[in-house]
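Below are the chains, spelled out letter by letter.
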Amino acid sequence: MEREPAKLLILYATQTGNALDAAERIGREAERRGCAASVRSIDDFDASSLSHEDTVIFVVSTTGQGDTPDSMKSFWKYLLQRNIAKNWLEGVHYAVFGLGDSGYQKYNFVAKKLDRRISDLGATAVVERGLGDDQHPSGYEGALDPWMSSLWNMLYQINPKFFPNGPDFVISDTKLINQPKFQITYHEIDKVDLQSSSAPGLDHVQMQTGRARSMSPGKVSHIKNIPDCFLKMIKNQPLCRAGCGKDVRHFEFEFVSTIIEYGVGDVLEVLPGQDPAAVDAFLQCCNLNPESLITVHPIGMESRHRDAEGNDYKVPIKLKTFVELTMDIASASPRRYFFEARMLKRLFRIALLVLSLENGRKDVFWKMILVMSYFATAEHEKERLQYFASPEGRDDLYQYNQKERRNVLEVLEDFPSVQMPFEWLVQLVPPLKTRAFSISSSPSAHPNQVHLTVNVVSWTTPFKRKRTGLCSTWLAGLDPQDGVYIPAWFRKGSLPPPPPSIPLVLIGPGTGCAPFRGFVEERAIQDMSGSAAPIMLFFGCRNQENDFLYKDFWLSHAQNSGPLSVARGGGFYVAFSRDQPQKVYVQHKMREQSQRVWNLLVEGASIYVAGSSTKMPSDVMSALEEIISKEAGVSRETAVLQLRRLEKDGRYHVEAWS
């Protein structure tokens, strides 16, 4: 009996969705070469059945300082069981591709430790693990492309049945463009039970949000589809002086559904609302009826009434609601697959020409242009798109897209004759992702509330287009009186809550101070029932008058034997970087207080660092190395080893963001 064709299982673990995008791309590239592939979230896979698989591709991201994504925690815990035999995975072939940021000390740590563990359990690596780097000019794709090329060749050597026509054969038939992975079913209003869709208030919002997110092709894991709770904003307070060029807000929310128990150092994820005008423009641009009642499900699941979470695929939702809650139409750039055109037979030669001229450096946007040219009906638009895709138009394309960071809506508005079927838009438009913020409150100090400190993001493109951050701008524009229900998720951050007996050295410039506001509040509460250990806090901002965030709060806790008071052995030190000719940053203030920092470390203090992931974390670490070397009278090399020991002992924590 002839053996079935070989099939790839691709498991992804993602926190923000990038690993999902990478996994889907690997799956598409495999299928284009004639190899069947299944792409699944790692939390949708039974870890105990891993030994029964033939070949598994892992695509995993690293979060925070070497942390596993939430969706991977159970899988990883299973792999670490001591009773698993050393040869448990003997006969299984695997490959690992990681997504990380080399700006972090534990770069791609999750991919590295997964690779080691799978190998230790007896599995055989197909290729050396690939490590994508956000710092690369092309992002993680700079490493993904050559890694995939090696993967296909090695898989073919292991088992030619993976690619019946060889690893270099690529399906270019246009039939692939008629095969989206998701199906849209339209329902007649008079045949639909509308009782659930008319439910009032919070119940209605909960129902719609859960239903839409569960049907979305862009869901990153089963954990995050249904919100943990809903919040209502009760305070929206600017923290910077008006007109200073920065806008940082203090937001306070109260629970209006389930009350979630969280700790200081935890992270809140928020699903942002989208500009109604942008949603309406997208619907109009794509000739979509906002009132249509639809269900969305993967091809082949027509007979299934429920997904893995028990959500009913047969309960329709308004098309406009689905777009609002699942499709990022006006802030994110189009996904790479939106750009890909290799499937277009009549343009395949052009694609190969551009690829060869680019010498392997793939400009992702020209691929979108080719796809759009397939759907364009206006000849002048088709010609312009094909010019963009040609070598002659390469520079103009770079100016049009990359420098201006155009989003999906803007691109579609520029080419109105391009009419993609909604099935493809659902699959290709970037998913609307949650945004994560460090919590800046203590639940002990604010029962039934959670606070955030948020920088309202805005910038200007080279052609003077104003861009704003979707979530921060949306939050800043909310009026607490409007009573908007905000979908939210809670998760552990990279800063574990410290015991009250442990002294703390906190370094948090800018909005990096956010989690430390919660730390100080918590320790002030702990002081009421006993003498808690002191805190040294180093804060940094540009100007004392413009962006001294939470000035009164810090100063009040630095007096009267508060947790930040010098009298208690702590202290509060501020670096105003632009209030004098020379720049002064937190690391300079740390060196000024070298002896006091060292004294707390000797007393068993833990160090916490939060803020920008650019130079700050490394500059702070360098300052600490100097302090240890100077005060302990040891070499710089020994000081480095001592800092590593602190990290290993759980006394050095970093939470940084780009």
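Residues numbered from 1 in each chain as written. Predicted model: local features only at pLDDT ≥ 70, side-chain atom pairs only at ≥ 80, totals over all residues. Heavy atoms only, no water.

A few points about the side chain of His-653
Turning to its location among the elements, His-653 is positioned in strand β22 (residues 652-657). One polar contact links the side chain of His-653 to the main-chain carbonyl oxygen of Gly-650, over a distance of 2.8 Å. Residues contacting His-653, with those up to four places away along its chain left out, are Ser-494, Leu-495, Pro-496, Ile-607, Tyr-608 and Val-609. (Helix = DSSP H or I, 4+ residues; strand = E, 2+ residues; numbered from the N terminus. Polar contact = N/O pair within 3.5 Å; in protein donor to acceptor, adjacent residues only side chain to side chain. Contact = heavy atoms within 4.5 Å.)

A few points about the pairing of strand β20 (residues 571-576)
Taken across its six residues, β20 has six buried, putting it largely inside the fold. Of the two faces of β20, the one lined by Gly-571, Tyr-573 and Ala-575 and the one lined by Phe-572, Val-574 and Phe-576 are each fully buried. Examined bridge by bridge, strand β19 (residues 535-541) and β20 share six bridges and lie parallel to one another. When the sheet's bridge partners are listed, Met-536 is paired in β20 with Gly-571. Handedness of the β-α-β unit built from β19, helix α17 (residues 551-557) and β20 comes out right-handed. (Buried < 20%, exposed > 50% of the residue type's maximum accessible area, 1.4 Å probe, protein only. Pairing = 2+ DSSP bridges. Right-handed = clockwise from strand over helix to strand, strands pointing away.)

Quick word on the environment of Leu-80
Relative to the helices and strands, Leu-80 is located in the loop between α2 (73-79) and β4 (93-100). The class of Leu-80 is partly exposed, set by a relative accessible area of 45%. When the C-alpha atoms of Leu-80 and Arg-117 are compared, they prove to be 8.1 Å apart, with 37 residues separating the residues in sequence.

Concerning the sheet that holds strand β7 (residues 182-187)
Read from one edge of the open sheet, three strands run β7-β11-β12, paired in antiparallel fashion. Two strands lie at the open edges of the sheet, namely β7 and β12 (317-318), each paired on one side alone. Relative to strand β11 (residues 293-298), β7 runs antiparallel, the two sharing six bridges. Residue pairing in the sheet places Thr-185 in a bridge with Thr-295 of β11.

Let's talk about the pattern of salt bridges
Per the counting criterion, the structure on display carries 23 salt bridges. Asp-44 is paired through a salt bridge with Arg-40; the nearest N and O atoms lie 3.9 Å apart. For Asp-44, a relative accessible area of 30% corresponds to the partly exposed category. When its relative accessible area of 29% is taken as the criterion, Arg-40 is described as partly exposed. In this structure, the salt-bridge partner of Arg-406 is Asp-414, at a minimum N-O distance of 3.5 Å. By relative accessible area, which is 9% here, Arg-406 ends up buried. (Salt bridge = Lys/Arg side-chain N within 4 Å of Asp/Glu carboxyl O.)

A few points about the packing of helix α5 (residues 201-215) against helix α7 (residues 319-326)
Where α5 meets α7, the closest approach of the two axes is 9 Å, and the angle between their N-to-C directions is 75°. As summarised for this structure, α5 and α7 are arranged roughly perpendicular, according to the angle between their axes. In contact with Gln-208, Thr-209, Ala-212, Arg-213 and Met-215 of α5, α7 contributes Thr-321, Phe-322, Leu-325 and Thr-326. The residue makeup of the contact of α5 with α7, split by class, is four nonpolar, four polar and one charged. (Axes fitted to C-alpha atoms, helices over the stretch in contact; angles between N-to-C directions. Parallel < 35°, antiparallel > 145°, perpendicular 65-115°, else oblique. Nonpolar A, V, L, I, M, F, W, Y, C, P; charged D, E, K, R; others polar.)

What to know about the packing of aromatic side chains
Under the counting rule described, the total for this entry stands at 17 aromatic pairs. Each ring, one from Phe-58 and one from Phe-75, has its centre 6.0 Å from the other, and the planes form 50°; the classification is tilted. Taken as a pair, Phe-58 in strand β3 (residues 55-61) and Phe-75 in helix α2 lie far apart in primary sequence, 17 residues in all. A single burial state applies to Phe-58 and to Phe-75, both of which are buried. Plain terms: the ring middles of Phe-516 and Phe-519 are 5.6 Å apart, the flat faces sit at 75° to each other, and that makes the pair edge-to-face. Of this pair, Phe-516 and Phe-519 are both found in helix α16 (residues 514-528), three residues apart, which corresponds to roughly one turn of the helix. Each member of the pair, Phe-516 together with Phe-519, is buried. (Phe/Tyr/Trp six-rings, centres within 6.5 Å; stacked < 30°, edge-to-face > 60°.)

Here's the deal with the environment of Phe-322
Here Phe-322 shows up in helix α7. For the pair formed by Phe-322 and Ile-294, sequence separation is 28 residues and the distance between their alpha carbons is 8.6 Å. Non-local contacts of Phe-322, meaning those with residues more than four positions away in its chain, are made with Ala-212, Met-215, Ser-216, Pro-217, Ile-294, Val-296, Ile-317, Met-327, Phe-422 and Val-426.

Remarks on the nonpolar core
Membership of the largest hydrophobic core comes to 43 residues, with the highest contact counts inside it found for Phe-282, Phe-322, Val-323, Met-327, Phe-422 and Leu-425. The residues contacting Met-327, other than those within four sequence positions of it, are Gln-274, Phe-282, Phe-322, Phe-422, Leu-425, Val-426, Val-429, Pro-430 and Leu-432. (Core = buried A, V, L, I, M, F, W, Y, C linked by side-chain atoms within 4.5 Å.)

Details of unusual backbone geometry
Excluding glycine, most residues fall at negative phi; most peptide bonds, likewise, are trans. Residue Asn-287 is not a glycine yet carries a positive backbone phi of 55°. Tracing the sequence through the fold places Asn-287 in the loop between α6 (276-285) and β11. Assessed through its relative accessible area of 62%, Asn-287 is described here as exposed. One non-glycine residue, Asn-560, adopts positive backbone phi at about 50°. Take Asn-560: it is sitting in the loop between α17 and β20.

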